[in-house]
Amino acid sequence: MPRVLICLMLGWLAVPAFGGGRVEEPVISWTLRAGSFNTEDDLPVAFEAGFEVALPARRFRWLPEWVQLRPIVGLAGNDREGFWGHEGIRWDFRVHGRWWLQPSFSVVFYEKGKGKDLGSTVHFRSAFEVAYELANGRRIGLGVYHLSNANLYPRNPGEESVVLSYTWHSHTSD
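All values derive from a computational prediction rather than experimental measurement.

Secondary structure assignment for the chain yields one helix and 12 strands. When its helices and strands are written in sequence order, the chain yields α-β-β-β-β-β-β-β-β-β-β-β-β. When contacts within the chain are restricted to residue pairs at least 6 apart in sequence, long-range pairs at least 24 apart make up 56% of them. Of the roughly 9300 Å² that the chain leaves accessible, carbon and sulfur atoms contribute 64%.

In structure tokens, the structure reads:
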């Protein structure tokens, strides 16, 4: 666990160097997630729960103007004593009315505990979430994500999760 926390703290400190300037209202998002870990395998499915923080969206010169990325950091664990932390980017894209798509990509630091051996400590997380915005601005969503070490190590079984999420926002003071 200490390795995971140290890596996350170092990455969090690097967020200001992430690039680009803010383009939307300065809002931090807080998300709670719960669901099933390892849904596409012969091994038993594990319960997982996690927490994620998304910083205000930023505009990057090398991307189209309508793409605003949010730096994210999160922690999660499962009932087999596995835990992981991730850092990456998320794109919150309003599709229609109150519906949002939230794809994201992160680097993950994984410790298996008594759970599934994913072949290494360093992984990549690609996620896709569909969320509905409630009248109070909070969101409920359903997401799927995949963990993989991208074949950087000899063993790469990968893992898929399906999670429900609840997101709320707080304004920053600039």
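Having put the structure on the table, let's press on.
In regular strands, side chains alternate between the two faces of the sheet. In terms of burial, strand E9 (residues 104-111) is a largely internal element, six of the eight residues being buried. By the bridge criterion, eight bridges tie strand E6 (residues 83-91) to E9 in an arrangement that is antiparallel. Across the sheet, the residue bridging to Ile-89 is Phe-105, located in E9.

Quick look at the side chain of Ser-161 now. Within the secondary structure, Ser-161 is located in strand E12 (residues 159-171). Assessed through its relative accessible area of 1%, Ser-161 is described here as buried. At 3.5 Å, the side chain of Ser-161 and the backbone oxygen of Ser-36 are in polar contact. When near neighbours in sequence (up to four residues on either side) are disregarded, Ser-161 contacts Ser-36, Phe-37, Asn-38, Thr-39, Glu-48, Gly-143, Val-144 and Tyr-145.

Turning our attention to unusual backbone geometry. Positive phi, normally seen in glycine, also occurs at Glu-81, with a value near 65 degrees. On the secondary structure map, Glu-81 appears in the loop between strand E5 (68-78) and E6. A relative accessible area of 48% places Glu-81 in the partly exposed class. Phi is positive for Asn-151, which is not a glycine, with a value near 60 degrees.

A separate point is the pattern of salt bridges. If you walk through the whole model with that rule in mind, you get 11 salt bridges. Between Glu-129 and Arg-33 there is a salt bridge, with its nearest N and O atoms 3.1 Å apart. Note that Glu-129 is positioned in strand E10 (residues 122-133) and Arg-33 in strand E2 (residues 27-37), a separation of 96 residues in sequence. With respect to burial, Glu-129 and Arg-33 carry one shared label: buried.

Another point: the nonpolar core. Among the nonpolar cores identified, the biggest contains 11 residues, and these are Phe-37, Ala-46, Ala-76, Trp-84, Val-108, Tyr-110, Leu-118, Ala-127, Tyr-145, Leu-147 and Val-163. Put simply, the parts of the chain that give this core at least two residues each are E9 and strand E11 (139-148). Every residue in contact with Leu-147, bar those within four places of it in the chain, is listed here: Phe-37, Val-108, Leu-118, Phe-124, Arg-125, Gly-158 and Glu-159.

Looking at the secondary structure, you find Gly-97 in the loop between strand E7 (93-96) and strand E8 (99-101). Under the relative-accessibility criterion, Gly-97 is labelled partly exposed at 45%. Residues Gly-97 and Tyr-132 lie 35 residues apart in sequence; the distance between their C-alpha atoms is 9.1 Å.

Bridge analysis of E7 against E8 gives three bridges, and the strand direction is antiparallel. Along E8, the bridge assignment pairs Arg-94 with Trp-100.

On to the packing of aromatic side chains, then. The final tally for this structure, using the stated rule, is eight aromatic pairs. For the ring pair Trp-30 and Phe-51, a centre distance of 6.1 Å and an interplane angle of 35 degrees mean the geometry is tilted. One end of the pair, Trp-30, is in strand E2; the other, Phe-51, is in strand E3 (residues 46-54), with 21 residues separating them in the sequence. For Trp-30, a relative accessible area of 27% gives the class partly exposed. Judged by its relative accessible area of 34%, Phe-51 falls in the partly exposed class. Ring centres of Trp-84 and Tyr-110 lie 6.0 Å apart, and the angle between their planes is 40 degrees; on these two criteria the pair is classed as tilted. With Trp-84 in strand E6 and Tyr-110 in strand E9, the pair connects residues that are 26 residues apart, well separated along the chain. Per residue, the accessibility class of Trp-84 equals that of Tyr-110, and both read buried. Through a chain of ring-to-ring contacts, three or more aromatic side chains come together here, namely Phe-37, Trp-84 and Tyr-110. For Arg-125, the ring lying beneath its charged end belongs to Tyr-145, and the centroid distance is 4.3 Å.

Thresholds, definitions, all that
- Residues numbered from 1 in each chain as written.
- Predicted model: local features only at pLDDT ≥ 70, side-chain atom pairs only at ≥ 80, totals over all residues.
- Heavy atoms only, no water.
- Helix = DSSP H or I, 4+ residues; strand = E, 2+ residues; numbered from the N terminus.
- Contact = heavy atoms within 4.5 Å.
- Areas by Shrake-Rupley, 256 points an atom, 1.4 Å probe, with all protein chains shown as cover.
- Buried < 20%, exposed > 50% of the residue type's maximum accessible area, 1.4 Å probe, protein only.
- Pairing = 2+ DSSP bridges.
- Polar contact = N/O pair within 3.5 Å; in protein donor to acceptor, adjacent residues only side chain to side chain.
- Salt bridge = Lys/Arg side-chain N within 4 Å of Asp/Glu carboxyl O.
- Core = buried A, V, L, I, M, F, W, Y, C linked by side-chain atoms within 4.5 Å.
- Phe/Tyr/Trp six-rings, centres within 6.5 Å; stacked < 30°, edge-to-face > 60°.
- Lys NZ or Arg CZ within 6 Å of the ring centre and 35° of its normal.

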